[in-house]
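If you want the building blocks of each chain, they are given just below.
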Amino acid sequence: MREMEAIVAEYNKLKNEEISCVLATVVHVEGSSYRRAGARMLVDEFGNLTGAISGGCLEGDALRKALHAMHQQKNKLVTYDTSDENDAVIGAQLGCNGIIKVLFEAIDFENGKNACELLQIVTKTDRKASILVEFDLEETSFQPGTTALIYSEDKMFTSAEIDQEVLIEASEVIQNKRSTILKLERNGTSRINYIQFYDPPVKLVLIGAGNDAMVLASQAELLGWKIIIADGRPTHANIERFSSGCQVIVSRPEETLENIEIDERTCFALMSHNYNYDLAVLKLLLNKREVPYIGILGPLKKWERMKNDLDHAGIQISNVDEERIHAPIGFELGAETPAEIGLSILAEIQAVLTASSAKSLKYKNSPIHERTTSETLSI
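Here the structure is a predicted model, which is why all the values come from computation and not from measurement.

Conventions we followed
- Residues numbered from 1 in each chain as written.
- Predicted model: local features only at pLDDT ≥ 70, side-chain atom pairs only at ≥ 80, totals over all residues.
- Heavy atoms only, no water.
- Helix = DSSP H or I, 4+ residues; strand = E, 2+ residues; numbered from the N terminus.
- Rg over C-alpha atoms; globule rule 2.2 N^0.38 Å.
- Buried < 20%, exposed > 50% of the residue type's maximum accessible area, 1.4 Å probe, protein only.
- Contact = heavy atoms within 4.5 Å.
- Areas by Shrake-Rupley, 256 points an atom, 1.4 Å probe, with all protein chains shown as cover.
- Lys, Arg positive; Asp, Glu negative; His and termini not counted.
- Charge placed at Lys NZ, Arg CZ, Asp CG, Glu CD.
- Core = buried A, V, L, I, M, F, W, Y, C linked by side-chain atoms within 4.5 Å.
- Pairing = 2+ DSSP bridges.
- Axes fitted to C-alpha atoms, helices over the stretch in contact; angles between N-to-C directions.
- Polar contact = N/O pair within 3.5 Å; in protein donor to acceptor, adjacent residues only side chain to side chain.
- 1 Å grid on protein atoms, 1.4 Å probe; cavity = no way out; pocket = protein on both sides within 12 Å on 5 of 7 lines; lining within 4 Å.
- Points joined across faces, edges and corners; volume = space filled by probe spheres on them.
- Salt bridge = Lys/Arg side-chain N within 4 Å of Asp/Glu carboxyl O.
- Phe/Tyr/Trp six-rings, centres within 6.5 Å; stacked < 30°, edge-to-face > 60°.

Student: Would you mind going over the overall build of the protein with me for this structure?
Tutor: For the protein, the count of helices and strands is nine helices and 16 strands. Here the C-alpha atoms of the protein give a radius of gyration of 23 Å, agreeing with the 21 Å that 2.2 N^0.38 yields for 379 residues. The dimensions of the protein, computed from C-alpha atoms along their principal axes, are 70 × 45 × 40 Å. The burial tally for the protein puts 47% of its 379 residues in the buried class. Taking contacts inside the protein between residues at least 6 apart in sequence as the whole, the part at least 24 apart equals 61%. In the structure as shown, the protein presents an accessible area of about 18700 Å², 47% of it carried by carbon and sulfur atoms. Positive and negative side-chain charges of the protein, numbering 39 and 56 respectively, have mean locations separated by a distance of 3 Å.

Dropping the structure here:
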């Protein structure tokens, strides 16, 4: 379960039990920080935390700030300066050297469009979206908070009136897949809009329901990915062997894709241990240009045989196909066990989806995290 889904699940539990809570959101980071803008944490009245806004250095003070916001039922903006070695509140000499702005929103269960309700809407869809969080740099001023969820100009859920300029920017955020900061002047005051790009979870389709697929499915679920298992054997493809969060399909190979909604974040791992089954599904996937990753379990000679069989069938492997097909599947990590092999597969998929080099960070001369917001604040 991804962090946002975990927060929504906890929110629903707290709402049912009428336990007050506050949502903390990192809305801006200047310099280095363990978590970036968009990180969230839900705090209940007993001090229980779901999610995280840092690696642990801010959570203690953030808990106190959250309880204060809860008591006052008022949104609050707090600035943490981890570059200040004399700041005993958050712990000196953290080594982050960053300035982090965190917005605390007291959740009103009676408000059907409170921040957590808006997050709940976005987690229930597989669509890209923009999440709008509005705040004022003057910490003592009114802080609007999470005010809108926008899919497009004609599809939105909002708890406040949204400026046309913000709507245009929100659409560009979705198009560019890049969060942004927008500063607006309104009634003589400056309002800051953090517009977060929301990408739906990765969808991993495992062709094959063997024991190694069970391990890989469990590992991928820890990443919050959606898992689909397809196999022609009902003895293997059943809910007893996989968690309730997995979609399990029993089908002939040529019918495999009929019940799967494919998008640009849908990845496939062909691991049925049945050559003909994998080959039949591969033929279907060659026509699905939006699929970014196709991994084939087995030695290189299996892939060479597949290419020969496809060639004899009059099917050509394009240069684009060569790029998205990974055979043998996974990174070279010296993997032997199913869990180790699963790690190498997931690491390769993550690298492909993020277009990263996958080299050791010790050799990276630039910041660990590339900036994901297209604009910084001038304060």
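Student: Any chance you could explain the nonpolar core here in plain terms?
Tutor: Nonpolar side chains tend to gather and get buried jointly when the protein is soluble and globular. Counting 30 residues, the largest nonpolar core has L23, L42, I107, V122 and I131 as its most contacted members. Contributions of two or more residues to this core are made by α1 (3-17), β1 (21-31), α3 (115-123), β6 (129-135), β7 (145-152) and β10 (189-198). Residues in contact with V122, not counting those within four places in the same chain, are M4, A129, I131, L149, Y151 and Y198. Counting residues in hydrophobic clusters, the runner-up holds 26 residues, among them L257, V291, I317 and I325.

Student: Explain the sheet that holds strand β3 (residues 49-51) to me, please; I cannot follow it from the model alone.
Tutor: Note on sheets: strands pair through backbone hydrogen bonds, and any given pair is parallel or antiparallel. Spatially, five strands are ordered β3-β2-β1-β5-β4 in an open sheet, and the strand pairing comes out antiparallel. In this open sheet, the two strands that pair with only one neighbour each are β3 and β4 (76-81). Going from strand to strand, the sheet's axes swing by 25° on average, the running direction of each strand aside. Across six bridges, the pairing between β4 and strand β5 (residues 98-106) is antiparallel. Paired with K76 across the bridge in β5 is F104.

Student: Help me understand helix α6 (residues 275-285), please; the structure alone is not making it clear to me.
Tutor: Given 3.6 residues per turn, any residue in an α-helix points the same way as the ones three and four places further on. For α6, every residue scored as buried is listed here: Y275, Y277, D278, L279, V281, L282 and L285. For α6, the N-terminal cap is N274; the gap from its side-chain oxygen to the backbone nitrogen of N276 is 3.2 Å.

Student: Teacher, can you tell me more about the layout of surface pockets here?
Tutor: The gaps left among the atoms become clear once a water-sized probe is rolled over them. Size it by volume and the second largest pocket reaches roughly 320 Å³. In terms of residue count, strand β12 (residues 226-231) provides more of the lining of the second largest pocket than any other element does, three residues in total.

Student: Is there a simple way to think about the environment of F268 in this case?
Tutor: By the element assignment, F268 lies in strand β14 (residues 266-270). By relative accessible area, which is 0% here, F268 ends up buried. Expressed as a C-alpha distance, the spacing of F268 and L285, which sit 17 residues apart in the sequence, is 8.8 Å. Among residues more than four places away in sequence, those in contact with F268 are V205, I207, L257, I262, L285, V291, Y293, I294 and G295.

Student: Would you mind going over the pattern of salt bridges with me for this structure?
Tutor: A side chain with one charge can pair with a side chain of the opposite charge if their charged atoms come near. The full count for this structure, using the stated rule, is 19 salt bridges. Two residues, R289 and D321, come together in a salt bridge whose shortest N-O distance is 2.8 Å. Here D321 lies in helix α8 (residues 319-324) and R289 lies in the loop between α6 and β15 (293-296), a separation of 32 residues in the sequence. Its salt-bridge partner being E304, residue K307 comes within 3.9 Å of it at the nearest N-O pair.

Student: Looking at this structure, I do not really get the packing of aromatic side chains. What am I missing?
Tutor: Ring pairs (aromatic) are described by centroid distance and by the angle formed between their planes. Evaluated as defined, the whole model comprises two aromatic pairs. Arranged with centres 5.8 Å apart and planes meeting at 50°, the rings of Y11 and F109 form a pair that is tilted. Here the residue Y11 occupies a position in helix α1, and F109 occupies one in the loop between β5 and α3, the gap between them amounting to 98 residues. Grouping residues by exposure puts Y11 and F109 together as buried. Seen from their ring centres, Y151 and F157 are 6.3 Å apart, and the 85° between their planes marks the pair as edge-to-face. The exposure class assigned to F157 is partly exposed, which follows from its relative accessible area of 26%.

Student: I tried to follow the pairing of β1 on my own but got confused; where do I start?
Tutor: Remark: a regular strand shows side chains that alternate across the two faces of the sheet. Taking burial as the measure, the eleven residues of β1 include nine buried ones, the bulk of the element. Sheet topology places β1 next to strand β2 (residues 40-44); five bridges connect them, and they run antiparallel. Counted as the bridge partner of L23 is L42 from β2. Where β1 lies against β5, nine bridges are found, and the strand directions are antiparallel. Of the residues in β5, the one forming a bridge with V22 is A106.

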